[in-house]
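Geometric and topological summary
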Amino acid sequence: MSRIPMAYTRWAVAAVLLVNAFLVVAVSGQLTNDVVDCTDWDTAFAQAFVMWALIFAAVFAWVVPRWFLPRLAARHWWWASNPKKRSIFPAVAGALMFALLFIAFPLLASKNYLSPEVGMLALPDVDSRYASCEAVNGSGFLGFAAGKAPLLRTTWALAIVMLAVFGFVIAVSASLTAWRIRSYWRRT
Amino acid sequence: MNSTLIIAIGGTGQLVLHYYLQRYLTGRAKPFDAIVIDVDKLLPPLEKVAGLLDRARPVLTDVRLPSISYWRPIAPGGKTIREALAGNSDVDRFHPANAFFGKSELEQSIAEGLFARPALSSLVKLPSDLGTMRVSGRRRIITVSSVVGGTGGGLTGPILASLASSIRTEHADETSLRSVFFGEYFQADVKRLPDAAKRFPSNVLFVLRTLQALAPAELDSFSFVSSDHGGKRDTQREVTGDYLPWPGNADPIWTGVDALPALITETTRDRQEEFAKREITLAPSESAANAATLVARRVSAVNALIDRRVIEDMSRDPVPETCWGPAFPKVLKKLVSASATASPGNSADAVCRQLQGGLQKRWSDVRRVFPSEAAEAPSKPADIVRMAWDPNALRFDAAGLRIENPADFAEIASSVLLLQALREESNVGASH
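Scope of this entry: the structure provided in the associated data block.

Rules used in this analysis
- Residues numbered from 1 in each chain as written.
- Chains lettered and ligands numbered in written order.
- Predicted model: local features only at pLDDT ≥ 70, side-chain atom pairs only at ≥ 80, totals over all residues.
- Heavy atoms only, no water.
- Helix = DSSP H or I, 4+ residues; strand = E, 2+ residues; numbered from the N terminus.
- Rg over C-alpha atoms; globule rule 2.2 N^0.38 Å.
- Buried < 20%, exposed > 50% of the residue type's maximum accessible area, 1.4 Å probe, protein only.
- Contact = heavy atoms within 4.5 Å.
- Areas by Shrake-Rupley, 256 points an atom, 1.4 Å probe, with all protein chains shown as cover.
- Lys, Arg positive; Asp, Glu negative; His and termini not counted.
- Charge placed at Lys NZ, Arg CZ, Asp CG, Glu CD.
- Buried area = accessible area lost by both parts, 1.4 Å probe.
- Salt bridge = Lys/Arg side-chain N within 4 Å of Asp/Glu carboxyl O.
- Polar contact = N/O pair within 3.5 Å; in protein donor to acceptor, adjacent residues only side chain to side chain.
- Nonpolar A, V, L, I, M, F, W, Y, C, P; charged D, E, K, R; others polar.

Remarks on the overall build of chain B
If you tally the helices and strands in chain B, you get 18 helices and 6 strands. Here the C-alpha atoms of chain B give a radius of gyration of 24 Å, agreeing with the 22 Å that 2.2 N^0.38 yields for 432 residues. In terms of principal-axis extent, the alpha carbons of chain B reach across some 80 × 50 × 45 Å. Across the 432 residues in chain B, those meeting the buried criterion constitute 56%. Partitioning the contacts of chain B with sequence separation of at least 6, the portion at a separation of at least 24 is 82%. Carbon and sulfur atoms make up 50% of the accessible area of chain B, which totals about 18,100 Å². Side chains of chain B give 51 positive and 50 negative charges; the mean places of these two sets differ by 1 Å.

This is the structure we're talking about:
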């Protein structure tokens with residue numbers, strides 16, 4: 001019987017460690033906000049953030065490398081036919097796109113480098129005034145090390161949740177991949 | 001045994017066979033058996049291809065593969081022709097050989113073979129295998145030789161006679177004997193052969209008149225190839241045989257290569273008593289440029305298979321069949337399974353790495369068979385998918401086949417992979 005490819009086993013172990021590490025850091029921040037609208041927008045933002053994190057993770061870590069690229073690109077471009085590049089390139093592209101839309105843009109808007117409309121472009125359900133909300137109380141993520149604005153705190157905390165989600169998806173994906181490869185190459 | 005047998009006589013015969021084998025390897029010729037008869041050694045590229053085919057044969061038991069045999073005529077003892085005939089090297093001593101051969105012929109080294117002197121063929125003995133070889137079961141036997149050269153000019157007649165005798169003895173009425181004769185088709189190297197201008201036409205006349213008088217009735221037809229504008233032969237390069245360039249459209253060698261499939265498929269004609277009436281004129285079936293492009297494309301695809309380390313990567317791919325189609329991963333799966341005897345503890349990943357390495361090593365040797373200009377046409381992964389992968393052709397369960405040595409396994413597996421990789425899927429039916 002063939003063994004599980006070592007590369008995938010290493011990825012799975014690394015991803016599980018990352019998940020645990022980031023979850024520990026993430027729960028150390030308590031987020032509160034006394035302004036009612038801001039609290040509602042905070043909740044809406046958090047919901048949209050987590051939902052899109054899951055969608056991006058599923059699409060860029062699973063659908064694109066496992067379904068889309070093998071069928072539509074693998075016979076035309078060498079990078080798409082290589083299993084390692086086919087996994088890494090879309091994952092990096094997805095993570096960058098996500099970071100840009102859901103972290104960088106709102107952050108830049110909160111610091112007035114971008115208009116709120118542009119900053120909250122990917123979050124149509126969250127009011128654009130959310131960018132100007134300020135923290136009233138609470139311990140804050142890592143003692144407000146990243147700033148006092150709720151958006152900032154929310155985003156940093158959620159970014160970590162997102163990483164945890166990504167880590168979890170990668171761990172599951174790597175385990176399934178290893179299992180699938182092992183089954184395919186089983187000697188008959 | 002394949003139904004077609006090509007007998008390549010002398011250097012020209014070997015050269016034509018060299019290109020025709022490339023046509024086979026790239027899927028443009030049907031399988032055939034070949035016998036090379038030459039006083040000189042077998043061309044290295046022919047040796048390489050023969051090795052490749054022999055390594056793959058135990059596994060591709062249901063696939064008809066060409067076989068290449070090399071039969072060397074038995075040369076007389078002694079350093080020079082004079083020594084061989086007279087038993088000494090004394091120029092002044094009388095010997096009847098002086099009456100039949102000129103001074104330059106008698107001084108010729110035995111190591112040089114029959115170089116441009118067909119008359120010297122009377123000194124060599126045909127390989128004994130030729131007399132015992134069975135011809136029944138063959139539909140076509142085609143000899144390829146130059147009537148200018150020593151070996152071709154001198155041995156073609158006796159070989160045709162021997163084959164005709166076997167046909168008669170075995171009552172092999174289905175066997176049709178055909179020939180490609182090359183006349184003067186290249187410029188001689190005057191440094192090596194100062195009297196070439198006289199000698200070559202004389203050789204042609206001598207051999208053709210002999211054939212006219214003595215060619216057996218079983219010789220069904222022949223094609224005669226010659227050219228007044230032939231270039232020089234790069235004999236030095238032919239000796240090593242590495243990366244020999246593809247002949248051009250006007251090159252008589254290409255005319256000879258192109259004549260072979262036509263002679264194989266041409267229907268048997270009514271017997272002609274008169275030798276000259278047996279000559280047939282064949283229309284070109286494919287241009288040399290097209291053939292060269294095909295070879296370049298196949299070489300480039302195999303290069304990509306190796307340079308991109310496709311086999312190694314495939315063992316880590318969760319969806320190999322989606323990327324590469326069903327056939328190629330199944331071929332590798334079969335090889336991974338078959339490696340159990342040679343490398344029982346190895347993972348699929350390790351076996352594929354070993355296969356990739358073996359293929360690279362094999363290709364670095366076989367690549368030299370193809371022209372150097374047959375290179376860098378860009379390849380896409382689709383070219384790998386379109387290779388003639390056939391998992392059903394691999395028969396590791398063949399009786400008596402047990403490969404226990406990992407190096408042996410790597411050699412056999414890489415030969416099989418290479419033979420399939422060099423062809424395109426659409427050509428499988430035509431060739432196997």
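Side note on unusual backbone geometry
All names here are of chain B. In this structure, Tyr243 takes a positive phi of about 50° despite not being glycine. Position of Tyr243 among the secondary structure elements: in the loop between helix H9 (235-240) and helix H10 (252-265). Of note in this structure, Arg309 is not a glycine but carries a positive phi near 50°. Mapped onto the elements of the fold, Arg309 is located in the loop between helix H11 (288-307) and helix H12 (310-314). By relative accessible area, Arg309 is classed as partly exposed at 32%.

Some thoughts on the interface of chain B and chain A
Tallying the contact residues gives 38 residues for chain B and 24 residues for chain A. For the pair chain B and chain A, the two sides together bury roughly 2,700 Å², of which 59% comes from carbon and sulfur. Viewed at the interface, chain A and chain B are joined by 1 salt bridge. Arg86 of chain A is the salt-bridge partner of Asp317 of chain B, the closest N and O atoms lying 2.5 Å from each other. Linking chain B with chain A are 8 residue pairs in polar contact (both at pLDDT 80 or more), by the criterion used here. If you list the elements that add at least two residues to the side of chain B that touches chain A, you get H12, helix H13 (320-324), helix H14 (327-338), helix H15 (348-366) and helix H16 (381-385) of chain B. With 6 residues, H14 of chain B is the largest single contributor of residues to the side of chain B that touches chain A. Along the lines of polarity and charge, the residues of the side of chain B that touches chain A split into 20 nonpolar, 10 polar and 8 charged.

Concerning the environment of Ser136 of chain B
Residue and element names in this part refer to chain B. Structurally, Ser136 can be placed in the loop between helix H6 (128-132) and strand E4 (140-146). For the pair formed by Ser136 and Pro326, sequence separation is 190 residues and the distance between their alpha carbons is 41 Å. When residues no more than four places from it in sequence are discounted, the contact partners of Ser136 are Met1, Glu170, Ala172, Glu174 and Thr175. A polar atom in the side chain of Ser136 sits 2.9 Å from the side chain of Arg134.

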